[in-house]
Amino acid sequence: MKLGIIGAGNMGGAFYKGLAEKLGHEDLYLCDKHNEKMAAIGAKNFYNEPGEMLEKVDAVLIAVKPQAFDELIRQTGAGALTTKLLISMMAAVPIAKISAATDSARVVRIMPNLGVQVGKGVTGWVASNSATEEDQRYVQHMLEAVGEAVQVDDEDGLDRLSVITGCGPAYFFYLTELLTKKARTLGFSEDDARKMAEGTYIGSAALLAAGAEGANDGAAGAAHASRDAEAWRRAVCSKGGVTERAIATFEEHGMEKILNAGVDAALKRSDEMKKM
Ligand SMILES: NC(=O)c1ccc[n+]([C@@H]2O[C@H](COP(=O)([O-])OP(=O)(O)OC[C@H]3O[C@@H](n4cnc5c(N)ncnc54)[C@H](OP(=O)(O)O)[C@@H]3O)[C@@H](O)[C@H]2O)c1
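Residues numbered from 1 in each chain as written. Predicted model: local features only at pLDDT ≥ 70, side-chain atom pairs only at ≥ 80, totals over all residues. Heavy atoms only, no water.

Engineer: What should I look at first to understand the site of the ligand in this one?
Structural biologist: Lining the immediate environment of the ligand, one finds 22 residues, of which Asp32, His34, Lys37, Val64 and Gln75 sit closest. His34 places a polar side-chain atom, nitrogen or oxygen, 2.6 Å from an oxygen atom of the ligand. Isolated, the ligand exposes 900 Å² of accessible area, and the fraction of that covered by the protein chains is 81%. (Near = heavy atom within 4 Å. Polar contact = N/O pair within 3.5 Å; in protein donor to acceptor, adjacent residues only side chain to side chain. Areas by Shrake-Rupley, 256 points an atom, 1.4 Å probe, with all protein chains shown as cover.)

Have a look at this one:
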């Protein structure tokens, strides 16, 4: 399938790079108003306007801001998109609106997160009833080029996924900030405190990734095989030791309750915003 990406910003650009790296440039096209953005990404087949590109592609990844969608449709004319598989990453723009504006029934909504910028994203997706099996296989395959892909049953599922994967990077960065601040209060310099907190979490994420990937890498891989977060945590908490005391204190102070309340509040806000 030939794919044209409209929008070479943070997200469209990250998808282009990830897809070109994993699947090659041949079936990949890019369109953005700004040549310099497309040049910076190393795009090979690129256009300033969607018209000519749309003649060449079977599927279109819409990576413009939601408020730019109406202008895009005016520019292309709805008919130019009707026969394409449309994959939209526009937040909060429902499948029904995209279908109505383009007359295309084959619409897939995706919700990527920040990690796609380093090829380690988690992207949720949901397909309209008219998207074929082949369309769906293509979307899963395409998304796996920039990380993990999770199919959800309906568009509400994308909202529920978003408060985990979309907001999740902020939860992680927040914890890193708090640990950095705590290191400062224990007498470390700003530089050292950052090095300690960031380095610790980067190393931990790499261990978690090694566990998720299983025993593919010889002895080190075997040692890490199938370890999930809980298994790694238990490995760090020696019985009666200092880490175990820290975790017990987090639990006594309701850490799980606090996290759940934050995620629930995010979901409530997402519902409120849909009604605005
Ligand atoms: N950023 C995230 O973490 C995230 C997460 C999930 C979903 N999303 C969704 O991803 C989409 C893209 O976000 P982004 O942050 O990558 O946006 P962005 O950086 O603003 O990139 C969009 C690019 O598309 C260009 N563009 C707009 N209309 C165009 C047209 N008709 N023809 C050609 N180029 C056009 C824009 O140019 P101008 O700037 O000149 O308009 C800009 O270069 C949004 O819909 C957002 O909701 C983003």
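Engineer: Would you mind showing me how to read the packing of helix H8 (residues 168-185) against helix H9 (residues 190-213) here?
Structural biologist: Helix packing for two helices is described by the angle between their axes and how far apart those axes are. Taken N-terminus to C-terminus, the directions of H8 and H9 make an angle of 140 degrees; their axes are 8 Å apart at the nearest point. The pairing of H8 with H9 is recorded here as oblique in orientation. Crossing angle aside, the handedness with which H8 passes H9 is right-handed. Residues Phe172, Leu175, Thr176, Leu179, Thr180, Ala183 and Arg184 of H8 form the contact with H9, whose participating residues are Glu190, Ala193, Arg194, Met196, Ala197, Glu198 and Tyr201. Across the contact of H8 with H9, the residue classes break down as 8 nonpolar, 2 polar and 4 charged. (Axes fitted to C-alpha atoms, helices over the stretch in contact; angles between N-to-C directions. Helix = DSSP H or I, 4+ residues; strand = E, 2+ residues; numbered from the N terminus. Parallel < 35°, antiparallel > 145°, perpendicular 65-115°, else oblique. Left-handed = near helix turned anticlockwise from the far one by under 90°. Contact = heavy atoms within 4.5 Å. Nonpolar A, V, L, I, M, F, W, Y, C, P; charged D, E, K, R; others polar.)

Engineer: Would you mind showing me how to read the domain arrangement of the protein chain here?
Structural biologist: Interface size is commonly expressed as the accessible area that is lost once the parts come together. Taken domain by domain, the protein chain consists of domain 1 (3-157) and domain 2 (168-275). Measuring from the centre of the C-alpha atoms in domain 1 to the corresponding centre in domain 2 gives 32 Å. (Domains from an automatic or database assignment.)

Engineer: What am I meant to see in helix H5 (residues 95-102) here?
Structural biologist: In an α-helix, one turn spans 3.6 residues; hence positions three or four apart end up facing the same way. Within H5, the full set of buried residues consists of Ile95, Ile98, Ser99 and Thr102. Viewed end-on, H5 has its buried residues packed into an arc of 100 degrees, placing them on one side of the element. More than 90 degrees from the buried face of H5, the exposed residues found are Ala96 and Ala100. Summarising the contacts, the buried residues of H5 are in contact with helix H4 (69-76), strand E5 (85-88), strand E6 (107-111), strand E7 (121-127) and helix H7 (155-165). In the stretch just after H5, Asp103 is the one whose phi turns positive, near 65 degrees. (Buried < 20%, exposed > 50% of the residue type's maximum accessible area, 1.4 Å probe, protein only. Arc of directions from axis to C-beta.)

Engineer: Got a minute to help me understand the pairing of strand E2 (residues 28-31) in this structure?
Structural biologist: Every regular strand shows the same layout, with side chains that alternate between the two sheet faces. Here E2 shows two buried faces, one formed by Leu28 and Leu30 and the other by Tyr29 and Cys31. Handedness of the crossover is the feature at issue here: the chain leaves strand E1 (residues 3-6), passes through helix H1 (residues 10-23), returns alongside E2, and the resulting connection is right-handed. Pairing between E2 and strand E3 (residues 46-47): 2 bridges, direction parallel. Counted as the bridge partner of Cys31 is Tyr47 from E3. Of the crossover connections in this fold, the one passing from E2 over helix H2 (residues 35-41) to the parallel E3 is right-handed. (Right-handed = clockwise from strand over helix to strand, strands pointing away. Pairing = 2+ DSSP bridges.)

Engineer: I'm lost on the side chain of Asn113 in this one. Help?
Structural biologist: Following the sequence through the fold, Asn113 ends up in the loop between E6 and E7. At a separation of 2.9 Å, a polar atom in the side chain of Asn113 contacts the main-chain amide nitrogen of Val122. In this structure Asn113 touches Met11, Gly121, Val122, Thr165, Gly166 and Pro169, once residues within four positions along its chain are discounted.

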